[in-house]
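Here is how the chains run, residue by residue.
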Amino acid sequence: MNDVTVYWRPGCPFCVKLRTQLRLARIPYRKVDIWRDPEAAAFVRSVADGNETVPTVVVGDHPAMVNPSVRRIREALHG
């Protein structure tokens, strides 16, 4: 099983859009607020060229994806 984790922060319109699309696609996910979790923020910076760019998504053991489309997430889930 490939777990989907969405790293996000409050006020991020791209995060709201992606989370809505994931719900509509019935793709379950876990959300992690990088403003409440310093380790999560550090992880995002480590995969986003030092920036706290969200949404950042991890699917199972696939490499992290910065601001991915739902299509790309589906591909990671099924590929």
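Located above this text is the structure these notes cover.
Residues numbered from 1 in each chain as written. Predicted model: local features only at pLDDT ≥ 70, side-chain atom pairs only at ≥ 80, totals over all residues. Heavy atoms only, no water.

## Digging into the packing of aromatic side chains
The cut-off we apply is this: Pairing of aromatic side chains requires ring centres within 6.5 Å, counting the rings of Phe and Tyr and the six-membered ring of Trp. Pairs whose planes differ by under 30 degrees are stacked, by over 60 edge-to-face, and all others tilted. In this description a helix means any DSSP run of H or I spanning at least four residues, a strand means any run of E spanning at least two, and both kinds are numbered starting from the N terminus. Relative accessibility decides the category of a residue: with a 1.4 Å probe and only protein chains considered, values under 20% of the type maximum give buried, values over 50% give exposed, and everything between is partly exposed. Cation placement over rings: the criterion is NZ of Lys or CZ of Arg within 6 Å of the ring centroid and within 35° of the ring normal.
In the structure shown here, the tally under the stated rule is one aromatic pair. Aromatic pair tyrosine 7 and phenylalanine 43: ring centres 5.2 Å apart, planes at 40°, arrangement tilted. With tyrosine 7 in strand E1 (residues 4–8) and phenylalanine 43 in helix H2 (residues 38–47), this residue pair connects regions lying 36 residues apart in the sequence. Given a relative accessible area of 12%, tyrosine 7 falls into the buried group. Positioned above the aromatic ring of tryptophan 8, the side-chain terminus of arginine 19 is 4.6 Å from the ring centre.

## Examining the pairing of strand E2 (residues 30–33)
Inclusion rule: Only strands joined by at least two bridges in the DSSP assignment are considered to pair. Orient the strands so they point away from the viewer, and a crossover whose first-strand-to-second-strand path over the helix runs clockwise is right-handed.
Note: E1 against E2, four bridges, orientation parallel. Looking across to E2, one finds that tryptophan 8 is bridged to aspartate 33. Crossover E1 to E2 through helix H1 (residues 13–24) is right-handed.

## Side note on the pattern of salt bridges
Short version of the rule: Salt bridges are identified by distance alone: a Lys or Arg side-chain nitrogen within 4 Å of an Asp or Glu carboxyl oxygen.
Tallying each qualifying case throughout the model produces three salt bridges. A salt bridge links arginine 45 to glutamate 52, with the shortest nitrogen-to-oxygen separation between them at 2.5 Å. The exposure class assigned to glutamate 52 is partly exposed, which follows from its relative accessible area of 33%. The closest approach of N and O atoms between arginine 71 and glutamate 75, which form a salt bridge, is 3.3 Å. Residue arginine 71 and its partner glutamate 75 are both found in helix H3 (residues 70–78); the two are separated by four residues, about one turn of the helix.

Geometric descriptors of this kind do not, in isolation, establish any biological role.
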